[in-house]
Amino acid sequence: MAVGFLGTGSYLPERVVTNDDIAELVQDATPEWITSRTGIETRRWAAPGEATSDLAAVAARRALAAAGLPADRIDYIVVSTSTPDHPQPPTACLVQSLIGAGSAACFDLNAVCAGFVYGVELARRLVAGRPGAHALVIAADVYSRILDFGDRRTSVLLGDGAGAVVVGEVADGGGVVEIDLSSYGDDQDLIKVVAGGSRVPTTAATVAAGQHVFTMRGRDVRDFVMANLPPLLDKLVTGAGLEIADVDCFVPHQANGVLLRELVTRCGLDGAHTHLVVDRYGNVGSASVPIALDDAVRTGRIGAGDHVLLAGFGGGMSVGTCLVRWSA
């Protein structure tokens, strides 16, 4: 049985945050500097009353509508996030309640910005061999709550949002062709939030020291991506019996527009359509790939039979790559 995407959906909060807005918060970051270094013009931030589950639920409903399925037909809900509503219960259970998917088994996963592809692989395994089974894979993050505005290289990048896909049986010849997951624990310090877990529990001192904010060694992350992603993408595509030139649409993690332009050339993907929304939405963490994927679908940039290449990469360090032959 072929397993693929039956519907996509996404949600971006209403609040638009421009580079002028960010420049007022971040010292020595002019709008022109932000654009030249990141390719980002705007990003979205959640309203004070919006949490990760709220964003995820809207994206989930839109994916269900696109798939033509009611929520009670969902067997599994997988939520990829590194900014959950609470340490527990799982954000997926909150989404289940919000959308009325009472029959679903629910759990979260955290592979940071690679998490969506990890979730797709789990969903594929869960529904394979079970005709009529469906999984909802949602990636959602609210990074605006953990930004350090004293770090101009990182705080200007991140936004909030959610993307979702419904995974289930598709017509023969379509669906997920190949998935590859990789982790590099020796590089764990490149992206992290230090406090709030069992190693460094929350205290007044950790809050005062600013240890609950997102940190990233940007140059080292760039070097990691450039060294590791091109051979991993080549391995994925050739493992499927194809060549990079056969890729019709490339949907990468929307980390940084400048980085992505260089990455496309390094990977030999100049002949494919690379779908970017980073200029409008910034880096939306785990949600970047499904948000961009939904945008590509809704704008007609992906058609039946297209080979679509997805790539997520982030903290851990973790990388997830996926090749899909798009179904009608």
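Quantities reported herein were computed from a predicted structural model and do not represent experimental measurements.

1. Section: the UniProt feature "domain: Beta-ketoacyl-[acyl-carrier-protein] synthase III C-terminal" (unreviewed entry) in the protein chain
Here, UniProt's "domain: Beta-ketoacyl-[acyl-carrier-protein] synthase III C-terminal" (unreviewed entry) annotation points to residues 240-326. Each end of residues 240-326 is marked by a C-alpha atom, and these two atoms are 15 Å apart; helix forms 30% of the span and strand 25%.

2. Some points on the pattern of salt bridges
Proximity of charged atoms lets side chains of opposite charge pair with each other. Counted under the stated rule, the structure contains eleven salt bridges. Across the pair Arg 124 and Glu 121 runs a salt bridge, and its minimum N-O distance is 2.9 Å. Placement of the pair is Arg 124 and Glu 121 together in helix H5 (residues 115-127), with a separation of three residues, close to one helical turn. With relative accessibility at 19%, the residue Arg 124 sits in the buried group.

3. Considerations on the nonpolar core
Formed by 46 residues in total, the largest nonpolar core has its most connected members in Val 156, Leu 229, Leu 233, Leu 263, Leu 269, Leu 309 and Phe 313. Those elements that provide at least two residues to this core are helix H2 (31-38), helix H8 (218-239), helix H9 (257-267), strand E13 (307-314) and strand E14 (318-325). Among the elements that make up this core, the one with the highest residue count is H8 (nine residues). Both domain 1 (2-172) and domain 2 (176-326) contribute no fewer than three residues apiece to this core. Leu 229 has contacts with Phe 224, Leu 263, Ala 311, Phe 313, Val 319 and Thr 321, leaving out every residue within four places of it along the chain. Val 117, Tyr 281, Ile 291 and Leu 293 belong to the second-largest nonpolar core, a separate cluster that totals 34 residues.

4. Looking at the packing of helix H3 (residues 52-67) against helix H4 (residues 91-99)
As a packed pair, H3 and H4 sit with axes 9 Å apart at the nearest point and diverge in direction by 55°. Looking at the two axes, H3 sits oblique to H4. When the axes of H3 and H4 are compared, the crossing they make is right-handed. Contacts between H3 and H4 pair Thr 52, Ser 53, Asp 54, Ala 56, Ala 57, Ala 60, Arg 61 and Leu 64 from the former with Thr 91, Leu 94, Val 95, Leu 98 and Ile 99 from the latter.

5. Examining the environment of Pro 48
Note that Pro 48 resides in the loop between strand E3 (42-45) and H3. Taking relative accessible area as the criterion, Pro 48 reaches 84% and is therefore assigned exposed. Residues Pro 48 and Arg 145, spaced 97 residues apart in sequence, show a C-alpha to C-alpha distance of 9.5 Å.

6. A short note on the sheet that holds strand E1 (residues 3-11)
Across the sheet, five strands lie side by side as E1-E7-E6-E4-E5; this open sheet has mixed pairing. Edge strands, defined here as strands with exactly one partner in the open sheet, are E1 and strand E5 (105-109). This sheet shows a mean twist of 20° between the axes of neighbouring strands, independent of strand direction. Looking at chain direction, strand E4 (residues 76-80) and strand E6 (residues 135-142) are connected through five bridges and run parallel. Paired with Val 79 across the two strands is Ile 138, which belongs to E6.

Rules used throughout
Residues numbered from 1 in each chain as written. Predicted model: local features only at pLDDT ≥ 70, side-chain atom pairs only at ≥ 80, totals over all residues. Heavy atoms only, no water. UniProt positions renumbered as here; feature names shortened; annotations may be inferred. Helix = DSSP H or I, 4+ residues; strand = E, 2+ residues; numbered from the N terminus. Salt bridge = Lys/Arg side-chain N within 4 Å of Asp/Glu carboxyl O. Buried < 20%, exposed > 50% of the residue type's maximum accessible area, 1.4 Å probe, protein only. Core = buried A, V, L, I, M, F, W, Y, C linked by side-chain atoms within 4.5 Å. Domains from an automatic or database assignment. Contact = heavy atoms within 4.5 Å. Axes fitted to C-alpha atoms, helices over the stretch in contact; angles between N-to-C directions. Parallel < 35°, antiparallel > 145°, perpendicular 65-115°, else oblique. Left-handed = near helix turned anticlockwise from the far one by under 90°. Pairing = 2+ DSSP bridges.

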